[in-house]
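Observations on the three-dimensional arrangement
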Amino acid sequence: MGFYLGIDCGGSFIKAAIFDAQANMVSCVRKNMPVISDSAGYAERDMPTLWLDCADVVSQAIKKAKVDPTTIKSVGISAQGKGLFLLDQQNKPLGRAILSSDQRALSVVKQWQQEGIPERLYPLTRQTLWTGHPVSILRWIKENEPARYANIGSILMSHDYLRFCLTGKLFCEQTNISESNLYNMNTHCYDENLAQLLGLNGITAKLPPCVAPNQIAGFVTEEAAAQTGLCVGTPVVGGLFDVVATALCANLENENTLNAVLGTWTVVSGVTTELDPWQTIPFVYGKYADADKFIVHEASPTSAGNLEWFVQQWKLNYQEINQCVEKLAPAASSVLFLPFLYGSNAGLGMQAGFYGIQAHHSQAHLLQAIYEGVLFSLMHHLARMKQRFPNANVLRVTGGPTKSPIWLQMLADFTGMTLEIPQVEETGCFGAALMAMRGVGVETTVLNQLPMLKVMPRAEYFQAYQNKYQRYQMLTKALQSML
């Protein structure tokens, strides 16, 4: 029997899971990776430590599964997108990795906006510009750390770096690098003209060749085998942008269904076969797991990471949080929360905060407001996506909050949409493992057989949530004048 390893490198955790040939998960190990934030707006990760953590969870997953490493036929990696992982000209880590939630490039993005650069880029890249984009961070480094910029050998994203550590081979995986603003979505390749427009002349020479998600990119080296417990020569495929991995696991078969990810980021995505040139909103497009399709998505770092911060600060228990929130009347409190600890979708530089607290409010009301605020932020993206996918009437939900029935019911009540929750554990690992299977010629129909948990909206609470959402919108609009 063959087994397949899926690795998922997210904003808060790195995970490794082993699946059998029927796509059943045999073992899974996860490890927390705190974000390094030494300065305001910084979000970084130590690259050597990331690799050691990756090797550790892989080794533990193999031991936990009690499988012979020779039976692991291939490896795939899913990871968060954007950000920047740099190697120097000797292929060593060039400083810390800068994550997609980093905001140091705010002034760069504002300047580009004033110059009309996003409008000139979009017809070619199908991307917007914001602080966590690779090009924004590269321009900031060029202006503020010129010696580091001059020493760049290779530009990678997180799964590209981990794949390099496993195989010693340098590639950029297509679903992730296609959203870098250095990739021309019309020609399906890097475009030096884009780099010149961004003041990054010559930078595309630092981008390794593209590799498809299910394409074998290399084989586990002796050094990596010693650290991970994998066998020398095990194939490693390109892998996936984690947003694509979750959409794949949500089995988005047509434009009637959308996927909402509630993890470190809020992401709403759909899948299409065409780049629609007539939309007035600059929707973000990227290459999908299937070569003839595109993923369309709206995203911001305004999701469950906000709750995670409160949990860490006050040592809260998720079960107790759900219980105390469930006791409160839906949308009845005056407390509003802006979920902008790591970035905003309501204006560059807008920060997190509570509004409407009175003396009778308890910790439970604050937690309820966090739940609501994350969903209100999600609604910004969902409303826009429904313009691109007007026939969408089902929302499939993946991510940490799927473990919270109260949060899911809130989302159904607020949107009025039927929710479907694919019964998949660790969608990032699973999506990566599916690519690993395809890479060695193993096809599976498991996605068409996934059970779905349904959550139906309760009509009696719809208007209460809509009224509170209007207050949330008024608050964010009022605060925009302070930016």
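Computed from a predicted structure; not experimentally measured.

Quick look at the overall build of the chain now. Within the chain, the secondary structure is distributed over 16 helices and 24 strands. Scaling as 2.2 N^0.38, a compact globule of 483 residues should have a C-alpha radius of gyration of about 23 Å, and the chain matches this with 22 Å. Its C-alpha atoms give the chain principal-axis dimensions of about 60 × 55 × 45 Å. In the chain, which comprises 483 residues, the proportion classed as buried is 58%. Long-range pairs, those at least 24 residues apart, make up 73% of the contacts in the chain between residues at least 6 apart in sequence. For the chain, the centre of its 36 positive side-chain charges and the centre of its 39 negative side-chain charges are spaced 3 Å apart.

Within the structure shown, the criterion is met by 19 salt bridges. A salt bridge links Lys 31 to Asp 53; its shortest N-O distance comes to 3.0 Å. Here the residue Lys 31 occupies a position in strand 3 (residues 25–32), and Asp 53 occupies one in helix 1 (residues 47–65), the gap between them amounting to 22 residues. A relative accessible area of 12% places Asp 53 in the buried class. Measuring nitrogen to oxygen at the nearest pair gives 2.8 Å for the salt bridge that ties Glu 44 to Arg 104. In this pair, Glu 44 is assigned in strand 4 (residues 44–45) and Arg 104 in the loop between strand 7 (97–98) and helix 2 (106–115), connecting sequence segments 60 residues apart. Owing to a relative accessible area of 9%, Glu 44 belongs among the buried residues under this scheme. On the basis of relative accessible area, Arg 104 is assigned to the buried category, the value being 9%.

Reading across the sheet, the 7 strands line up as 18-19-17-16-22-23-24 and stay open at both edges, with mixed pairing between neighbours. Edge positions in the open sheet fall to strand 18 (284–287) and strand 24 (452–455), since each of these has one partner strand only. Taking the axes of each pair of neighbouring strands and ignoring which way they run, one obtains an average angle of 30° across the sheet. Bridge count for strand 16 (residues 257–262) against strand 22 (residues 394–398) is 5 bridges, and the pairing is parallel. The residue of strand 22 that forms the bridge with Thr 257 is Val 394. Packing of helix 13 (residues 363–388) onto the sheet brings it into contact with strand 16, strand 17 (266–272), strand 18, strand 19 (294–300) and strand 22, and relative to strand 17 it is tilted by some 20°.

UniProt annotation of "domain: Carbohydrate kinase FGGY N-terminal" (unreviewed entry) refers to residues 4–249 when read in the numbering used here. Secondary structure within residues 4–249 divides into 36% helix and 24% strand; the distance between the first and last C-alpha atoms comes to 16 Å.

So, about the pairing of strand 16. Burial within strand 16 is extensive, with 6 of its 6 residues counted as buried. Residues Thr 257, Asn 259 and Val 261 of strand 16 are buried on one face, and the alternating residues Leu 258, Ala 260 and Leu 262, pointing to the opposite face, are buried as well. Where strand 16 meets strand 17, 4 bridges bridge the pair, whose relative direction is antiparallel. Within the sheet, the bridge partner assigned to Val 261 lies in strand 17 and is Val 267.

Basis of the calculations
Residues numbered from 1 in each chain as written. Predicted model: local features only at pLDDT ≥ 70, side-chain atom pairs only at ≥ 80, totals over all residues. Heavy atoms only, no water. Helix = DSSP H or I, 4+ residues; strand = E, 2+ residues; numbered from the N terminus. Rg over C-alpha atoms; globule rule 2.2 N^0.38 Å. Buried < 20%, exposed > 50% of the residue type's maximum accessible area, 1.4 Å probe, protein only. Contact = heavy atoms within 4.5 Å. Lys, Arg positive; Asp, Glu negative; His and termini not counted. Charge placed at Lys NZ, Arg CZ, Asp CG, Glu CD. Salt bridge = Lys/Arg side-chain N within 4 Å of Asp/Glu carboxyl O. Pairing = 2+ DSSP bridges. Axes fitted to C-alpha atoms, helices over the stretch in contact; angles between N-to-C directions. UniProt positions renumbered as here; feature names shortened; annotations may be inferred.

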